[in-house]
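# Structural overview for review
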Amino acid sequence: MTIAVLPPTLDPAPHCGTVAVLAFDGMAPFEMSSVVEIFGMPRPELGIPWYRLFVCGETRAPMRVVGGFSILVEHGLDVLASADTVIVTAVPDVRGEVSPALVDALRTARARGARIVSICSGAFALAAAGLLDGRTATTHWKYADLLAERYPEITVDPDVLYVDHDEILTSAGSAAGLDLCLHLVRKDHGAKVANSVARRLVIPPHREGGQAQFIQAAVNEVDGDDGVARSMAWALEHLAEPITVADLAAQAHVSQRTYLRRFSAATGTSPVRWVLAQRIQASLGLLEETAASVEEVGAAVGFESPVTFRHHFGRAMGTSPSAYRKAFRASVA
């Protein structure tokens, strides 16, 4: 299971405006750069008002960044506390104390109704502010035991890519932050916009699987020369039809055994799980943007029965197709 999601409220707060992300001395730049890329890059091609991003810090002095360079930020914690969405990508020391000023800013933001988000070890900052008490949360798998030990009021799930409690969201390490940021775009603007952003970033709009799948074996790029990429492209064009491993292997011009081995090496998952994920992803836009019934949507993306569609949708998205349609149509109206 990729995510753990509580059903969204039917009248979500307007988080589409300002986004603030925390910078600090000694930080690694990847997670913050991911936030900047998704929320800070102008996207006039979408034809909708986009977010206003503010990079904030506790100091206006130069802050060192891993890799041998420094950054200056223009905004302090007062701006972070007043944003619609606040994102903490990491903390300087998972075993140390979180800055009291940051704790106060997070509590102030949440009291105002802001959406609070953590990526990787940023969960420790949310925990220090008491925002995760009584909730399920996640962090990078290597920090999960420590987070549970330091904050026993939290139920730590080390196996998911992110957890969505509507107003409080936590994600696993590094690349899972991209998954969560795209999820926020989907919550705010719908699947069509999120897919457009994902295409521009050349990343999948939704990943199947949890952290456990990536701990032992990293996902490699798909090598188009071995036929796997060709078979995946074919599958995306034929989602409404039955697709078997034999069909995919035939498109790749290899035996089923060879195909299964190459597909797993290239993607970190199985063909069946990957096809299921693509069908669920394809159904999101249909649920949001068409009047087709749930039964019709399921059939359009290749599920053999409404029962099968609802089952796999529930496992992947943590809610039913009908509830998803009701919530997300309300959020993007």
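Here the structure is shown first, and the text comes after it.
Quick look at the structure, then. Just so it is clear, the model here is predicted, and its values are computed rather than measured.

### Examining helix α1 (residues 29-40)
Within the span of α1, buried status applies to Glu31, Met32, Ser34, Val35, Ile38 and Phe39. All buried residues of α1 fall inside an arc of 150° around its axis, so they share one side.

### A few points about the pairing of strand β6 (residues 85-88)
Of the two faces of β6, both are covered, the one formed by Thr85 and Ile87 as well as the one formed by Val86 and Val88. Both strand β2 (residues 18-22) and β6 contribute to a ladder of 3 bridges, which runs parallel. Opposite valine 19, over in β6, you have threonine 85 as the bridge partner. Looking at chain direction, β6 and strand β7 (residues 115-119) are connected through 4 bridges and run parallel. Residue pairing in the sheet places valine 86 in a bridge with isoleucine 116 of β7. The parallel pair β6 and β7 is bridged by helix α3 (residues 100-111), and the resulting crossover is right-handed.

### Thoughts on helix α9 (residues 228-237)
An α-helix turns once every 3.6 residues. As a result, residues three or four positions apart point the same way. Every buried residue of α9 is listed here: Val228, Ser231, Met232, Trp234 and Ala235. Across the axial projection of α9, the buried residues extend over an arc of 160°, all falling on one side. Of the surrounding secondary structure, the elements contacted by the buried residues of α9 are α10 (245-252), α11 (256-267) and α12 (271-289).

### So, the nonpolar core
Counting 72 residues, the largest nonpolar core has Phe39, Leu80, Leu106 and Ile116 as the members making the most contacts within it. No other element matches the 7 residues that helix α6 (residues 175-189) contributes to this core. For leucine 106, the residues in contact, after removing those within four places along its chain, are Leu80, Val86, Val88, Ile116, Ala125, Leu126, Ala129 and Leu131. Residues Trp234, Val245, Ala249 and Tyr259 belong to the second largest nonpolar core, which totals 15 residues.

### Here's the deal with the packing of α6 against helix α7 (residues 191-201)
For the pair α6 and α7, the least separation of the axes is 7 Å and the interaxial angle reads 145°. At the point where α6 passes α7, the crossing takes the right-handed sense. On the side of α6, the interface is formed by Leu182, Val185, Arg186 and His189, while α7 contributes Ala191, Val193, Ala194, Val197 and Ala198. Residue composition of the contact of α6 with α7, grouped by class: 7 nonpolar, 1 polar and 1 charged.

### Some thoughts on the environment of tryptophan 234
Position of tryptophan 234 among the secondary structure elements: in helix α9. Residues tryptophan 234 and alanine 252, 18 residues apart in the sequence, show an inter-C-alpha distance of 9.8 Å. Residues in contact with tryptophan 234, not counting those within four places in the same chain, are Ile243, Asp247, Leu248 and Gln251.

### Remarks on the pattern of salt bridges
In the structure shown here, the tally under the stated rule is 7 salt bridges. A salt bridge links aspartate 25 to arginine 64, with the shortest nitrogen-to-oxygen separation between them at 2.4 Å. Of this pair, aspartate 25 sits in the loop between β2 and α1 while arginine 64 sits in strand β4 (residues 63-65), and the two are 39 residues apart along the sequence. A salt bridge links aspartate 166 to lysine 187; its shortest N-O distance comes to 3.4 Å. In this pair, aspartate 166 is assigned in the loop between β10 (162-164) and β11 (168-171) and lysine 187 in helix α6, connecting sequence segments 21 residues apart.

### A closer look at the pairing of β2
Most of β2 sits out of view: 5 of its 5 residues are buried. Residues Thr18, Ala20 and Leu22 line one face of β2 and the alternating positions Val19 and Val21 line the opposite face, and both faces are buried. Of the strand pairs in this sheet, β2 and strand β3 (residues 52-56) are connected by 5 bridges, and their pairing is parallel. The residue of β3 that forms the bridge with threonine 18 is arginine 52.

### Quick look at the packing of aromatic side chains
Under the defined criterion, the tally for this structure stands at 8 aromatic pairs. With a centroid separation of 4.8 Å and an interplanar angle of 85°, the aromatic rings of phenylalanine 39 and tyrosine 51 are classed as edge-to-face. Placement of the pair is phenylalanine 39 in helix α1 and tyrosine 51 in the loop between α1 and β3, with a sequence separation of 12 residues. Assessed through its relative accessible area of 1%, phenylalanine 39 is described here as buried. We classify tyrosine 51 as buried; its relative accessible area is 6%. Aromatic rings pair up to connect Phe303, Phe309, Phe313 and Tyr324 into one cluster.

Criteria and thresholds
Residues numbered from 1 in each chain as written. Predicted model: local features only at pLDDT ≥ 70, side-chain atom pairs only at ≥ 80, totals over all residues. Heavy atoms only, no water. Buried < 20%, exposed > 50% of the residue type's maximum accessible area, 1.4 Å probe, protein only. Helix = DSSP H or I, 4+ residues; strand = E, 2+ residues; numbered from the N terminus. Arc of directions from axis to C-beta. Pairing = 2+ DSSP bridges. Right-handed = clockwise from strand over helix to strand, strands pointing away. Contact = heavy atoms within 4.5 Å. Core = buried A, V, L, I, M, F, W, Y, C linked by side-chain atoms within 4.5 Å. Axes fitted to C-alpha atoms, helices over the stretch in contact; angles between N-to-C directions. Left-handed = near helix turned anticlockwise from the far one by under 90°. Nonpolar A, V, L, I, M, F, W, Y, C, P; charged D, E, K, R; others polar. Salt bridge = Lys/Arg side-chain N within 4 Å of Asp/Glu carboxyl O. Phe/Tyr/Trp six-rings, centres within 6.5 Å; stacked < 30°, edge-to-face > 60°.

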